[in-house]
Amino acid sequence: MTFVAKLNDAIDRNQSIWCLGLDPNPEVMPEQYRRLYDRDSHHLHVVEILWDWMQTIIEQTADLVCAYKPTLGFYTALGAPGFDLLTKTLGAIPDGIPVILDA
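Colleague: Go over the overall build of the chain with me, naming the residues and quoting the values.
Modeller: Of regular secondary structure, the chain possesses five helices and two strands. Walking the chain from its N terminus toward its C terminus, one meets helices and strands in the order α-β-α-α-β-α-α. Overall size of the chain, expressed as C-alpha extent along the three principal axes, is 45 × 25 × 20 Å. The buried share of the chain, taken over its 103 residues, is 35%. Counting only contacts in the chain whose residues sit at least 6 apart along the sequence, the fraction spanning at least 24 positions is 76%. Charge-centre separation for the chain: the mean point of 7 positive side chains lies 2 Å from the mean point of 14 negative side chains.

Colleague: Provide a residue-level description of unusual backbone geometry, including the pertinent values.
Modeller: Leave glycine aside and you will find that most residues have negative phi; peptide bonds, for their part, are mostly trans. A positive phi angle is found at Gln15, which is not glycine, with a value near 50°. Overall, the relative accessible area of 67% leaves Gln15 in the exposed class.

Colleague: Outline the environment of Gly73, supporting the account with residue identities and numerical values.
Modeller: Within the secondary structure, Gly73 sits in helix α4 (residues 72-76). Sequence separation between Gly73 and Ala103 is 30 residues; the distance between their C-alpha atoms is 6.9 Å.

Colleague: Account for a nonpolar patch on the surface, naming residues and giving values.
Modeller: Among the surface-exposed residues, Phe3, Val4 and Ile100 lie close enough to one another that they form a single nonpolar patch of about 250 Å² accessible area. Residue Phe3 is classed as partly exposed on the basis of its relative accessible area, which comes to 39%.

Colleague: Before we move on, can you summarise helix α1 (residues 3-14) with the specific residues and values?
Modeller: Between its first and last C-alpha atoms α1 spans 16 Å; for 12 residues at 1.5 Å apiece the expected length is 16 Å, and the two agree. Remark: Gln15 follows α1 within two positions and exhibits a positive phi of approximately 50°.

Colleague: Describe in detail helix α5 (residues 80-92), supporting the description with residues and values.
Modeller: The end-to-end C-alpha distance of α5 is 19 Å, a good match for the 18 Å that 13 residues give at a rise of 1.5 Å each. Buried within α5 we find Pro81, Gly82, Leu85, Leu86 and Thr89. The buried residues of α5 occupy one face: seen down the axis, they fall within an arc of 145°. Exposed side chains of α5 directed beyond 90 degrees from the buried face belong to Ala80, Asp84, Thr87 and Gly91.

Rules used in this analysis
- Residues numbered from 1 in each chain as written.
- Predicted model: local features only at pLDDT ≥ 70, side-chain atom pairs only at ≥ 80, totals over all residues.
- Heavy atoms only, no water.
- Helix = DSSP H or I, 4+ residues; strand = E, 2+ residues; numbered from the N terminus.
- Buried < 20%, exposed > 50% of the residue type's maximum accessible area, 1.4 Å probe, protein only.
- Contact = heavy atoms within 4.5 Å.
- Lys, Arg positive; Asp, Glu negative; His and termini not counted.
- Charge placed at Lys NZ, Arg CZ, Asp CG, Glu CD.
- Patch = residues over 30% accessible without salt bridge, like charges linked within 9 Å, V, L, I, M, F, W, Y side chains within 5 Å.
- Areas by Shrake-Rupley, 256 points an atom, 1.4 Å probe, with all protein chains shown as cover.
- Salt bridge = Lys/Arg side-chain N within 4 Å of Asp/Glu carboxyl O.
- Expected span 1.5 Å × (residues − 1).
- Arc of directions from axis to C-beta.

Listed below in structure tokens is the structure:
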């Protein structure tokens, strides 16, 4: 399926033209995640907290969006664990929703 076909299917299915950014930016993290983040600055644990946040966003919005747009810079800023986070995040996106990688 082409990107355009996948996008059009998602628009029709979810009745939406909302493209949602999946940016693991600790500065805009909701309070429930920020408390965990502020408590433990160990890099791998931070990535686990960010993963939980990204996964929650995807689970709660998959029926509301026509596409997701992760911004590569937020992931690369985390070093090698950030690439693992990006891989997990991309893997959590349902197959019927296209991805626009902002690089």
